[in-house]
Amino acid sequence: MHLKKYFTTLLFIVALQVFHLTIYSQEIRLPEAVTNHSMAILSKNGSDFLYTFYGIDSSKTWSGVHKKIMSVNLQTGKSDIIGEMPDSMGRLASSASVINNKAYIVGGYAVYADGKERSSRQLFIFDPVSETCTKGADLPIAIDDHGQAVADNKLLYVISGWNDSSNVRAVQVYNPITNTWQLATLLPNEPNAAVFGGAGTIVGDTIYFLGGAVFSKNYPPSRQFYKGIIDKTDPLKIEWKNTGTYPGEFRYRSIAFESNGRIFFWGGSNQTYNYNGISYQQKKPVAPNKTVLIYDIKKGSFRIKPIGNSVMDLRNITKSSNNKWYLAGGMGKKQKPTNKVIELKMD
């Protein structure tokens, strides 16, 4: 199948370097629109496949929450619904990470007909060769809408998030070799530290984490930027630092990734909202945030740049075998779930 790439190029001047962020909106699509899901790119038979897990359909109602697993071949564009998560019901706000070509799908929450919600302690491990899920060890603390990142391709860190009725300061660490969870150093005991819908990543021995919603009336934003230095001899010891507020618009359910010594906090929204795309505070529709917040690790400084195309309602981003970053699904204009696949290319 011949794939045409339609793109816009944004030219960024960063220090003395010329930096290109190119957004490719490909003729590659998921079999159906989905949002509030998790995703991973895994290799199978020499090709990269993008998989999505759980989510909600275009209805954006509790009955549209599902447990579908969808796939799209990034080389051919062929897509399919390949099955369902081995779960009793569908979930929202899970997140996925890749370790050694397997996806680790963590947490999420179920929505019931009466409006009640319940966070999950479940971990599922997806193998692309057999395209099946097996159940891993349960998390110590049920969680959803959390931050999630991998350190040194070995340990999975689950940072903060929502637990049934409140945010938690917990950092939960999973070892895939032993199939065990342990609790690491808590986030600081500060009003803006524990959040849901925050974004973060791990670069080297440091966690970078910002944004998200605070546990208070109408879930106001957290404007704090936290760094967590992981001890080199004990991965459960984290030295947390509140480095102050980050610039620009508030960021909720953005994605975070690192490239060439810079961390990009991309998309999401600048208001907190429920799974239907309606803000908690103003009870109005929320639009995607059309900026990227760029953090230079070496300089310790931020830059903000506009992006012409954006989506929100993101849980994680995923990288292909040739180091390209991809997004699939999410909410676009007018809170409409999409089936588009977007490639973010750093030159």
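Small disclaimer: the values here were computed from a predicted structure and weren't measured.

Student: Would you mind going over the sheet that holds strand β4 (residues 47–56) in detail, with residue names and values included?
Tutor: Read across the open sheet, the four strands follow the order β3-β4-β5-β6; overall the sheet is antiparallel. Whereas interior strands pair on both sides, the edge strands pair on one side only; in this sheet they are β3 (38–44) and β6 (79–84). Neighbouring strand axes in the sheet, compared pairwise and without regard to direction, differ in orientation by 25° on average. Pairing analysis gives five bridges linking strand β5 (residues 65–73) to β6, with the strands arranged antiparallel.

Student: Residue-level account of unusual backbone geometry, with values.
Tutor: The backbone phi angle of N36 is positive, close to 60°, even though this residue is not glycine. Secondary-structure assignment places N36 in the loop between β2 (17–34) and β3.

Student: I'd like a description of the pattern of salt bridges, backed by residues and values.
Tutor: Here the structure, examined in full by the defined rule, presents 13 salt bridges. Here E32 and K68 are joined by a salt bridge, their closest N and O atoms 2.7 Å apart. One end of the pair, E32, is in strand β2; the other, K68, is in strand β5, and 36 residues separate them in sequence. The exposure class of K68 is partly exposed, given its relative accessible area of 23%.

Student: So what's going on with the packing of aromatic side chains? Residues and values would help.
Tutor: A complete count under the given rule lists 21 aromatic pairs for this structure. Ring geometry for Y252 versus Y273: centroids 5.1 Å apart, planes at 85°, classification edge-to-face. One end of the pair, Y252, is in the loop between β22 (238–245) and β23 (255–259); the other, Y273, is in the loop between β24 (262–266) and β25 (291–296), with 21 residues separating them in the sequence. Three or more aromatic residues link up through ring pairs in this structure, and these residues are W162, F196, F215, Y219, F250, Y252, Y273 and Y280.

Student: Help me get a handle on the nonpolar core, residues and values and all.
Tutor: By size, the foremost hydrophobic cluster in this structure holds 26 residues, and its most contacted members are L50, L74, F257, W266, L327 and L344. Mapped onto this core, the elements with two or more residues apiece are β2, β3, β5, β23, β24, β25, β28 (325–328) and β29 (338–346). By residue number, the principal contributor to this core is β28, which donates four residues. Among the nonpolar cores identified, the runner-up in size contains 20 residues, and L210, F265, L293 and Y295 belong to it.

Student: Tell me about the environment of K237, and name the residues and values.
Tutor: Tracing the sequence through the fold places K237 in the loop between β21 (224–230) and β22. Remark: the alpha-carbon pair of K237 and L186, spanning 51 residues in sequence, is separated by 9.2 Å. Apart from residues no more than four positions distant in its own chain, K237 is found in contact with T185, I229, I230 and D231.

Student: A description of the pairing of strand β13 (residues 147–151) should follow, citing residues and the corresponding values.
Tutor: Among the five residues of β13, four are classified as buried, and the element is accordingly described as predominantly covered. Where β13 folds back on strand β14 (residues 155–159), the antiparallel hairpin that results is connected by three residues, among which D152 adopts a positive phi of roughly 55°.

Here is what the cut-offs are and how they apply
- Residues numbered from 1 in each chain as written.
- Predicted model: local features only at pLDDT ≥ 70, side-chain atom pairs only at ≥ 80, totals over all residues.
- Heavy atoms only, no water.
- Pairing = 2+ DSSP bridges.
- Helix = DSSP H or I, 4+ residues; strand = E, 2+ residues; numbered from the N terminus.
- Axes fitted to C-alpha atoms, helices over the stretch in contact; angles between N-to-C directions.
- Salt bridge = Lys/Arg side-chain N within 4 Å of Asp/Glu carboxyl O.
- Buried < 20%, exposed > 50% of the residue type's maximum accessible area, 1.4 Å probe, protein only.
- Phe/Tyr/Trp six-rings, centres within 6.5 Å; stacked < 30°, edge-to-face > 60°.
- Core = buried A, V, L, I, M, F, W, Y, C linked by side-chain atoms within 4.5 Å.
- Contact = heavy atoms within 4.5 Å.

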